[in-house]
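One-letter residues, chain by chain:
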Amino acid sequence: MKFLLAISSSKYSGPTLKAGAIISQAFNAELNVVYVGTKHKGLEEGPLDLSRENLAKWNIYHPGIEVLEWAFKELQQICPENDELKSAEFNPEHIKQEHNRFKMILPTTVGCQVELTLREGELIQELREELRLDDYALTIIGGSQGTRNMAHDLIQYLPSSVFIARGMDLEKKYKLLLLVDDSEATKRSVRFGAEIAKTEQWEVRTLTVSKTKRFGSGYSGAAEKAKAYLEKHDIPVEQFFLTGDPVATFVDFARDDHIIIMGASRATPLKKLFFGSKPIQTLKRSNTPILVVK
Amino acid sequence: MRISADMIFWLQQKRWLLIAFSLGAVLYHFVPGPTGLSLEGYHILIIILMTLILILKEPVPLPAIALQLIFWQVIIGGSTPNEVGSYFMNDAVFFIMGSLMLAVAIVSQGLDKRMALGIIRITGNQTWRIVAGFTAISAILSSFVGPHMVTAMMLPVALTLIRFTPRSGKSSSGLTAALLFSIAYGATVGSIGTPSGGGRNVIMMNYWAEFGSGSLSYLQWMKMVYPMVLIEIPITAFIILKTFPPETRVLDTAVRRLLVEVAHAGKTTAREILTVALFALILLSWMTLSEDYGLGNIALIGIFLYMAFGLVSWKDLNSGVNWGVVLLFGATISIGVQMKNTGGAAWLAELSVGFLQSVIPNIDALRAVVSVALSGIMSNLLSSSATVAVVGPVVLNLGGDPILLGLASVIASAFGYFTAVAAPACTIIYSSGLVKAPDFLRAGWKMAIMSVLSLMLVALLWWPVVH
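As the structure is a prediction and not an experimental result, all values here were calculated from the model.

**Focus: the side chain of Glu272(B)**
Tracing the sequence through the fold places Glu272(B) in helix H14 (residues 270-293). When near neighbours in sequence (up to four residues on either side) are disregarded, Glu272(B) contacts Gln109(B), Gly110(B), Leu111(B), Arg114(B) and Lys267(B).

In structure tokens:
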């Protein structure tokens, strides 16, 4: 299993990086840390490339390398038990250019589970390009960077599951909030949540929301199945059934001390573009980290 | 048909391409051309409008923009494929191609370390002298070899000084901004000094020849424009020092550590001597032989010699040159010529003059204002060379002396001080991440006023004497 972790800068991406490392450890997944820097316009590329090649001769490296170096050193501290990572060294001369990206070769880390990548361009486009190159199960991103319609673009256009670690504070004790309904994606999100809960010993709550007072058999059945699955894996779970507007209820219930885990919407892409979806609206309105499972 | 997320994403990414082509299609099919403009001229202006949108928003890569410029000229511009091809490649394009190759050949030799030594020997370690020295050296070198090559060579020197000065490597640092802007603005100010200072200068020379507007030799150009460069150098250094006052008056430690860094370069090698000697030969040929053999042709001879002496490999040239730029300028010049041939340039010139005639009744002053304003504004949005390629034919149709108006337009196109995209030198220092977009505005407006006043001074007092 492989995860993609997008960072923006050493100033803002500390919590995202740590959250990404924890989640990838929970799944024993490979982690590709990618920094997406600014791409200059075509007319400017020639002089810039010439200048950057010359700067490298003075040991002044491509902008963005320092962010990767910071991420590398942080990961060494976050994952002290990763011996390959601990013994590896960051050498800017070991950057290789391929597939319109810069890839850091970590020479002493054969089998190391961490990769470092530098890309330049528009964030969503570059993440999509990176996701195309390998089979990624999850993209982890801070959520402070990006486009005008960030929530929609992240959920709609990234072909993997997405964890948006917005407002994540690792000093805080989070509970996992699994949003359960009768969709196919709920099953996957419960499995995803269970893996994290098992490793990190986080408390789990399931929440099922109906617009009317009556909960159909699909909803209540899904909630029971989720509970059974979690208990089968020795994960204690609290169940909640609430009535009201789903998105408002999710946001009110989650406050800022839950990590929301929910399945992706089944609506068509066009409908999502014009009217949004529950994950998109929840992401827009809440201040807590959200994992949208596809 | 089910529209997938990928399709929606593509539409979102390419919306400016769709907007540009849709606008072009609507204008072509449904909107009649204005009176006084030929149908071919109208179609050429539609192509230019679409291209400007594409260059500004870049929804497709730069070479693709160049390609559409070529095929539209044949499909709706009324030109034959061979006609477009014949305008596409000329001495100006040879020069742009040759100067890009020369930059790769020279920068790869590591001469910047020797240059750093030379500059520091002249300036010493006082900050204001280093800033003034950087401005002067960047301007003088850039006037002969172009700003991007100079900036590429000077930037590591400045960044090394910044790195070795405590508390300077921040965007808020006056020293950082002063050193970086001294290179960028110095190189930009200098780039107008000789025809070889920038692609736009040669593009204008090409238009003069193509439109039968007269000509200027390399030395005549220098005689007319170089005094302006010399006036601007000290004022530029003064503006930079006042706008970004350095926190440190003396760069003692940084200079010492720079000299240690540079000392590793060892003794001057035969290769380096040959590199400089060949460039001196090219420069001399530009000055004395360019009227007969062409600036571009001489640049190509220089590249041939660099390759023949093994100073640069084709692999390095191939990977180091942005061929998309060569394609774009070839295509832009060809449409510039079509603008003139179809009457589109004359119509635009009349429109600009008519628009401002009530404000500025004196026709000579009006022509000067139109050429300077058009070039100065557009160069802050596009690039200076692209500006001259598009605006040049319009300016040369304003009436009056095409040499003087052309020069004024070329000079004004170097007034791209306000944004990081206007000049390659500005882009390069901006990409270091140590100066921010507002820094360009802080110093840019002062530079723009100073440059306009310098241009007026030279145009009113010096040009009547020498032209």
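**Section: the sheet that holds strand S10 (residues 237-243) of chain A**
Residue and element names in this part refer to chain A. Spatial strand order, S3-S4-S5-S2-S1-S6-S7-S12-S11-S8-S9-S10: 12 strands in an open sheet with mixed pairing. This sheet does not close on itself; its edge strands, each paired only once, are strand S3 (95-98) and S10. In this sheet, adjacent strand axes meet at a mean angle of 20° when their direction is disregarded. Where strand S4 (residues 101-104) lies against strand S5 (residues 114-120), three bridges are found, and the strand directions are antiparallel. Note that in S5 the partner of Met104 across the bridge is Leu116.

**Side note on the confidence of the model for chain A**
On average, chain A scores 87 in pLDDT, and the residues at 70 or more come to 96%. When pLDDT is averaged over each element of chain A, helix H5 (residues 123-132) of chain A comes out on top at 94 and helix H4 (residues 83-87) of chain A at the bottom at 79.

**Focus: the interface of chain A and chain B**
Contacts between chain A and chain B engage 30 residues on the former and 44 residues on the latter. Each partner contributes to the roughly 3100 Å² buried at the junction of chain A and chain B, and carbon and sulfur atoms together form 64% of this total. In terms of surface lost to chain B, no three residues of chain A exceed Leu43(A), Leu50(A) and Trp58(A), which account for 26% of the buried area on that side. In this structure, the connection of chain A to chain B is made through one salt bridge. For Arg128(A), the salt bridge identified is with Asp6(B), shortest N-O distance 3.0 Å. Counting every contact that joins chain A to chain B gives eight residue pairs in polar contact (both at pLDDT 80 or more). For the side of chain A that touches chain B, the elements supplying multiple residues, two or more each, are helix H2 (42-57), H5, helix H6 (150-157) and helix H10 (269-275) of chain A. For the side of chain A that touches chain B, the element with the most residues is H2(A), which contributes 13 residues. The class makeup of the residues in the side of chain A that touches chain B is 13 nonpolar, nine polar and eight charged.

**Focus on H14(B)**
Residues and elements named next belong to chain B. Between the first and last C-alpha of H14 there are merely 29 Å, a value that for 24 residues lags more than 12% behind the 34 Å anticipated at 1.5 Å per step. Along H14, the sharpest kink reaches roughly 60°, centred on Met287. Those residues of H14 that sit buried are Glu272, Thr275, Leu278, Phe279, Ile282, Leu283, Ser285, Trp286 and Ser290. Along its buried surface, H14 packs onto helix H6 (91-107), helix H7 (111-123), helix H8 (127-145), helix H12 (218-243) and helix H15 (295-308).

**Side note on the domain arrangement of chain A**
All names here are of chain A. Annotation of chain A at the domain level lists domain 1 (2-164) and domain 2 (175-293). Just the C-alpha atoms count here: the centres of domain 1 and domain 2 sit 29 Å apart. The interface is formed by 14 residues belonging to domain 1 together with 18 residues belonging to domain 2. Carbon and sulfur atoms make up 73% of the area that domain 1 and domain 2 hide from each other, which totals about 1600 Å². It is Phe27, Ile155 and Gln156 that lose the most area in domain 1 upon contact with domain 2, and together they represent 30% of the buried surface on that side. The interface formed by domain 1 and domain 2 contains zero salt bridges.

Analysis parameters
- Residues numbered from 1 in each chain as written.
- Chains lettered and ligands numbered in written order.
- Predicted model: local features only at pLDDT ≥ 70, side-chain atom pairs only at ≥ 80, totals over all residues.
- Heavy atoms only, no water.
- Helix = DSSP H or I, 4+ residues; strand = E, 2+ residues; numbered from the N terminus.
- Contact = heavy atoms within 4.5 Å.
- Pairing = 2+ DSSP bridges.
- Axes fitted to C-alpha atoms, helices over the stretch in contact; angles between N-to-C directions.
- pLDDT = per-residue confidence, 0-100.
- Buried area = accessible area lost by both parts, 1.4 Å probe.
- Salt bridge = Lys/Arg side-chain N within 4 Å of Asp/Glu carboxyl O.
- Polar contact = N/O pair within 3.5 Å; in protein donor to acceptor, adjacent residues only side chain to side chain.
- Nonpolar A, V, L, I, M, F, W, Y, C, P; charged D, E, K, R; others polar.
- Expected span 1.5 Å × (residues − 1).
- Bend = angle between axes of the 7 residues up to and from the residue.
- Buried < 20%, exposed > 50% of the residue type's maximum accessible area, 1.4 Å probe, protein only.
- Domains from an automatic or database assignment.

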